[in-house]
Amino acid sequence: MAILSDRINNLDESATIKMAKLGRELAAKGVDVISLSLGETDFFTPDFVKDAAKEAIDKNFSYYTPVAGYPELRKSIAAKLKRENNLDYEFDQIVVSTGAKQSLANAILCLVNPGDEVVIPTPYWVSYSELVKLAEGKSVFINTSIDTDFKITPAELEAVITPQTKLFMFSSPNNPTGAVYSREELAALVKVFEKHPDIFIISDEIYEHINFLDKHVSIAEFESVKDRVIIINGLSKAYAMTGWRIGYSASSKEIAAACDKLQSQITSGTCSITQKAGVAAYEGGLDTIKEMREVFLRRRDLVYGLLKEIQGVKVNLPDGAFYFFPDVSSFFGSITTDGDVIKNAGDLALYLLNVGHVATVSGDSFGDPASIRISYAAADDKLVEAVKRIKFALEGLKNEKAVPAI
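As a starting point, this report considers the structure included with it. Computed from a predicted structure; not experimentally measured.

Some remarks on the overall build of the chain
Item 1. Across its full length, the chain carries 13 helices and 12 strands.
Item 2. Computed over its C-alpha atoms, the radius of gyration of the chain comes to 21 Å, within 12% of the 22 Å expected for a compact globule of 406 residues.
Item 3. Projected onto the principal axes, the alpha-carbon positions of the chain cover approximately 60 × 55 × 55 Å.
Item 4. With 406 residues in all, the chain has 55% of them scored as buried.
Item 5. For the chain, the proportion of contacts with a sequence separation of at least 24, taken over those separated by at least 6, is 75%.
Item 6. Where the 44 positive side-chain charges of the chain centre and where its 55 negative ones centre are 2 Å apart.

This is the structure in structure tokens:
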């Protein structure tokens, strides 16, 4: 009899965490590794948020919280959604979780039955398809490309919908591509959903404030589909609070109650101190976020200019988040100086780590095997040095092809 369940044996390890781990292992051997693999800002949590956490400790907020979060925090989130997104939610439609990843898992496990189809545009965040697998659903992918800035059309969406389609899941701004859907593009997709009233929509908006276009637009702003939208968001990116582990979902009362019920059997309420810090974050204004966005905009333009200079790397200009997702398929089939063959993006990412000492992430786990993800959430000098190393490593590949490119 097998020791481990089929459920865990069929689940893949997070590719982003895996590459970060490999980078740390190489660094532990004394190698100067520049990590551009994790989706984590290099900013510190704002002081006013940290002060609120310290105050909460001193005031002994050390007991279990309500499963869905303190009412004070949930009301703060509802107020934020009204103030920043013009969305009306009551506090009992908000469920606070231990990170946006748990919020995603809650929603998927509460909605998806075995055999249900979940439509996911590629590239997508690595956990999407794995969480669908955990729920015993079936992921149905809509492939996009760098030539269309990694966005789908209404016709492409309509073409994959079947009677088994239960859920559509996407992020805007997107991880890993930085693609941002405009109001007009979302309106066109909404017209498709209006024809299919049984399909729910998970809108991952964790990168909401790292948006270089106009004001963020949520698909929940369209009244005809709002009751079927589950917004996923949190504090990790906007307030540099990745390690605090706090996210939330906003949905219909029925779905929120289901997520509360599920969470009660897994983690219960998230950390009390983190929740008190969350209240301060949402009530403290957007000044620190605006400063961070300006820094990321400058870094985006810096890295874009550098990547464009590397022959064989196909890159577009992302409108949000803090990633580039260049097409590197021109290097597939090339030979390293050690005689190894670069067969795919995974091989290339490992080559860049071992030869260039830069940690990136293969696009395979994001649903696009032609690309790699490069985070520019690092200091300017680190980014310049990292792209310099990438260019040097790629120029070291032999041009002759050992095998047909995959």
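There's plenty left to go through after this.
Things to note about the nonpolar core
Item 1. Counting 76 residues, the largest nonpolar core has Met169, Ile202 and Leu394 as its most contacted members.
Item 2. Once residues within four sequence positions are removed from consideration, Met169 is found in contact with Leu104, Ile108, Val118, Val119, Ile120, Pro121, Tyr128, Val132 and Ile202.
Item 3. Core analysis: the next-biggest nonpolar cluster, separate from the first, contains 48 residues, Ile77, Leu81, Val192 and Ile199 among them.

Notes on the packing of aromatic side chains
Item 1. Within the structure shown, the criterion is met by 19 aromatic pairs.
Item 2. A centroid spacing of 5.5 Å and a plane angle of 70 degrees characterise the contact between Phe43 and Phe296, whose relative ring orientation is edge-to-face. In this pair, Phe43 is assigned in the loop between β1 (34-35) and α3 (47-58) and Phe296 in helix α11 (residues 287-308), connecting sequence segments 253 residues apart.
Item 3. In this structure an aromatic cluster arises from ring pairing among Phe43, Tyr207, Phe296, Tyr304, Phe322, Tyr323, Phe324 and Tyr376.
Item 4. Residue placement shows Lys226 over the ring face of Tyr89; its charged tip is 4.4 Å from the ring centre.
Item 5. For the cation-ring pair, Lys276 lies above Tyr70, with the distance from its terminal atom to the ring centre recorded as 5.0 Å.

Considering the side chain of Ser375
Item 1. Its place among the elements puts Ser375 in strand β12 (residues 372-375).
Item 2. A distance of 3.1 Å separates a polar side-chain atom of Ser375 from the backbone nitrogen of Ala377.
Item 3. Ser375 has contacts with Leu36, Leu38, Phe322, Tyr323 and Leu383, leaving out every residue within four places of it along the chain.

Remarks on the packing of helix α5 (residues 100-111) against helix α9 (residues 253-264)
A pair of packed helices can be characterised by two numbers: the angle between their axes and the separation between those axes.
Item 1. It is the contact of α5 with α9, at a shortest axis distance of 9 Å, that shows an interaxial angle of 110 degrees. As judged from the angle between their axes, α5 and α9 are roughly perpendicular. Contacts between α5 and α9 pair Gln102, Ala105, Asn106, Ala107, Leu109, Cys110 and Leu111 from the former with Ile255, Ala258, Cys259, Leu262 and Gln263 from the latter.
Item 2. Residue composition of the contact of α5 with α9, grouped by class: nine nonpolar, three polar and no charged.

Section: the sheet that holds strand β11 (residues 361-362)
Item 1. The antiparallel open sheet is built from three strands, whose spatial order is β9-β12-β11. The open sheet terminates on both sides in strands that have one partner only, identified here as β9 (323-324) and β11.
Item 2. Sheet topology note: the β11/β12 ladder contains two bridges and is antiparallel. Residue pairing for β12: Ser362 is matched across the bridge by Ile372.

Cut-offs and rules
Residues numbered from 1 in each chain as written. Predicted model: local features only at pLDDT ≥ 70, side-chain atom pairs only at ≥ 80, totals over all residues. Heavy atoms only, no water. Helix = DSSP H or I, 4+ residues; strand = E, 2+ residues; numbered from the N terminus. Rg over C-alpha atoms; globule rule 2.2 N^0.38 Å. Buried < 20%, exposed > 50% of the residue type's maximum accessible area, 1.4 Å probe, protein only. Contact = heavy atoms within 4.5 Å. Lys, Arg positive; Asp, Glu negative; His and termini not counted. Charge placed at Lys NZ, Arg CZ, Asp CG, Glu CD. Core = buried A, V, L, I, M, F, W, Y, C linked by side-chain atoms within 4.5 Å. Phe/Tyr/Trp six-rings, centres within 6.5 Å; stacked < 30°, edge-to-face > 60°. Lys NZ or Arg CZ within 6 Å of the ring centre and 35° of its normal. Polar contact = N/O pair within 3.5 Å; in protein donor to acceptor, adjacent residues only side chain to side chain. Axes fitted to C-alpha atoms, helices over the stretch in contact; angles between N-to-C directions. Parallel < 35°, antiparallel > 145°, perpendicular 65-115°, else oblique. Nonpolar A, V, L, I, M, F, W, Y, C, P; charged D, E, K, R; others polar. Pairing = 2+ DSSP bridges.

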